[in-house]
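Structural description and commentary
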Amino acid sequence: MMTRAFIAGCSGTALTADEAAFYRDAAPWGFILFRRNVESPDQVRALCAALRETVGREDAPILIDQEGGRVQRLGPPHWPKYPSGSTYGRLHANDPLVRREVTRLGARLIAHDLRAVGITVDCLPVLDVPIAGAHDVIGDRAYGRTPADVAVLGRAAAEGLLAGSVLPVVKHMPGHGRAGADSHLALPVVEASREELERHDFAPFRILSDMPLAMTAHVVYTALDPDNPATTSPIVMSEIVRGHLAYDGLVMTDDLSMQALSGSYRERTERAFAAGCDMALHCNGRMDEMSAVAEGTPVLEGDALRRAEAALRRIRHDTEPFDPVDARARLDAALAMVA
């Protein structure tokens, strides 16, 4: 069966007849859930099964943003709260490896929660490195304020997810930490030099270039391409993502419905693929927008298919023994050291 290179959202806690028919016809590679889609573990499990049934693929990826802190789609009373990325970076310990191991533990617990309801991809870790004066859309979601700290803890989080059979998505490639605006609402323009961007903003993504999935930044870097955000910039995609970062994993767009982008939804989609993205992401579940994205999306083939298949092969089927009760107790004890 044909698969198209896009990821779709849905409107509520169960599929409508129109949504099911659309997915069967449009055949997206995967799906993404938000808080509007979450009610209880049994309901999420049933929704994941229904989504996969529409495309006839048991391995169809289902994504979620489950970072912890401000960005957590599964939450109380059915799921525990998790700390923000910056909380791990503020752990007080004589041995810096403690921060790494606690970060990995937190992500491993998240993976346990996600797999229990059928979710196989987490849009984590955030590899953006904030600077003073930047918009707080990243803020405490970041693991630290230096590229080295972000890379070390970002890798730990990715490894924790992978150990629990959940694929990580590094974001927002090649870096959103310097942006002065929230790309959900406006187009950020970054005027730093290429040298500074490569030294600071891009560095964590280069260090984690072995990760299977990445999400773009809707950010203009004037030193690279003053006219287009990374998502729709052939220059950024070829010279930075595939060149400087040496990234050969699957690159998905950030949400195409964000206001940083302009033009119709079909135009946004076509520009992203023309720039070199492998996969379009549309999140809000609005049928008219999803239909336009589908119209602008190619069949998943060539290098994009190779990267998608390679990503799915990273899902483990021989997970290590794991006691979530003990792990949560150890996580809580470690977080008690945060000032």
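This text goes with the structure placed above it.
First, a word on what this report is: a plain description of the structure on this page. The model shown is predicted, which means the values in this text are computed figures rather than measured ones.

1. What about the environment of Met 337?
The residue Met 337 is located in the segment after α12 (324-335) in this model. By relative accessible area, which is 35% here, Met 337 ends up partly exposed. Residues Met 337 and Ser 193, spaced 144 residues apart in sequence, show a C-alpha to C-alpha distance of 38 Å. Those residues in contact with Met 337 that sit more than four places away from it in its chain are Leu 91, His 92 and Val 98.

2. Observations concerning unusual backbone geometry
A cis amide bond links Pro 76 with the next residue in sequence, Pro 77, at an omega value of 10°. Turning to its location among the elements, Pro 77 is positioned in the loop between β5 (71-72) and α3 (85-89). For the bond running from Met 173 to Pro 174, omega is 5°, close enough to zero to count as cis. You can see Pro 174 is positioned in the loop between β7 (167-173) and β8 (189-190). Positive phi, normally seen in glycine, also occurs at Ser 165, with a value near 65°. Note on placement: Ser 165 falls in the loop between α5 (147-163) and β7. Positioned with a positive phi, Ala 246 is a non-glycine residue whose angle comes to about 55°.

3. Remarks on the state of the cysteines
What the rule picks out here adds up to 0 disulfides. With no disulfide of its own, Cys 10 lies closest to Cys 48 among cysteine sulfurs, the gap being 8.9 Å. Residue classification places Cys 10 among the buried positions, given a relative accessible area of 1%. Here Cys 283 is not cross-linked by a disulfide; its sulfur's nearest cysteine counterpart is in Cys 123, at 7.7 Å. Overall, Cys 283 belongs to the buried group, its relative accessible area being 5%.

4. A word on α12
For α12, with 12 residues, the first-to-last C-alpha span of 16 Å sits near the 16 Å given by 1.5 Å per residue. Buried within α12 we find Ala 327, Arg 328, Leu 331, Ala 334 and Leu 335. All buried residues of α12 fall inside an arc of 125° around its axis, so they share one side. In this structure, the buried side of α12 is in contact with α3 and α4 (97-116). For α12, the capping residue at the N-terminal end is Asp 323, with a side-chain oxygen 3.1 Å from the backbone nitrogen of Val 325.

5. Concerning the side chain of Thr 216
Considering the arrangement of structural elements, one finds Thr 216 in strand β9 (residues 213-216). In terms of polar contacts, Thr 216 uses its side chain to reach the backbone amide nitrogen of Asp 254, at 3.0 Å. Beyond its immediate chain neighbours, meaning those up to four positions away, Thr 216 contacts His 172, Met 173, Thr 231, Val 251, Met 252, Thr 253, Asp 254 and Cys 277.

6. A word on the sheet that holds strand β12 (residues 280-282)
In any sheet, the strands associate via hydrogen bonds between backbone groups, in a parallel or an antiparallel arrangement. The strand order across the open sheet formed by 8 strands is β11-β9-β7-β6-β3-β2-β1-β12, and the pairing between neighbours is parallel. The sheet is open, and its two edges are formed by β11 (250-252) and β12, each paired on a single side. Relative to β11, helix α11 (residues 302-313) is tilted by about 100°, and along the sheet it contacts β2 (28-33), β7, β9 and β11.

7. Describing the nonpolar core
In this structure, Leu 33, Ile 119, Leu 213, Tyr 221 and Met 252 are the most contacted members of the largest nonpolar core, which totals 106 residues. If we ignore the near neighbours within four places in the chain, the residues touching Leu 213 are Trp 29, Val 121, Leu 167, Pro 168, Val 169, Val 170, Tyr 247, Leu 250, Met 252 and Ala 311.

8. A few points about the packing of aromatic side chains
Under the counting rule described, the total for this entry stands at 3 aromatic pairs. With centroids separated by 5.1 Å and ring planes inclined at 75°, the aromatic side chains of Tyr 23 and Phe 31 adopt a geometry described as edge-to-face. The burial state of Tyr 23 is the same as that of Phe 31; both residues are buried. Each member of the aromatic cluster is reached from another via a ring pair, and the members are Phe 22, Tyr 23 and Phe 31. Sitting over the face of the ring of Tyr 265, Arg 268 holds its NZ or CZ atom 4.6 Å from the ring centroid. A cation over an aromatic ring shows up here: Arg 328 above the ring of Tyr 82, its NZ or CZ 5.0 Å from the ring centre.

Rules of the game
Residues numbered from 1 in each chain as written. Predicted model: local features only at pLDDT ≥ 70, side-chain atom pairs only at ≥ 80, totals over all residues. Heavy atoms only, no water. Helix = DSSP H or I, 4+ residues; strand = E, 2+ residues; numbered from the N terminus. Buried < 20%, exposed > 50% of the residue type's maximum accessible area, 1.4 Å probe, protein only. Contact = heavy atoms within 4.5 Å. Disulfide = S-S within 2.5 Å. Expected span 1.5 Å × (residues − 1). Arc of directions from axis to C-beta. Polar contact = N/O pair within 3.5 Å; in protein donor to acceptor, adjacent residues only side chain to side chain. Pairing = 2+ DSSP bridges. Axes fitted to C-alpha atoms, helices over the stretch in contact; angles between N-to-C directions. Core = buried A, V, L, I, M, F, W, Y, C linked by side-chain atoms within 4.5 Å. Phe/Tyr/Trp six-rings, centres within 6.5 Å; stacked < 30°, edge-to-face > 60°. Lys NZ or Arg CZ within 6 Å of the ring centre and 35° of its normal.

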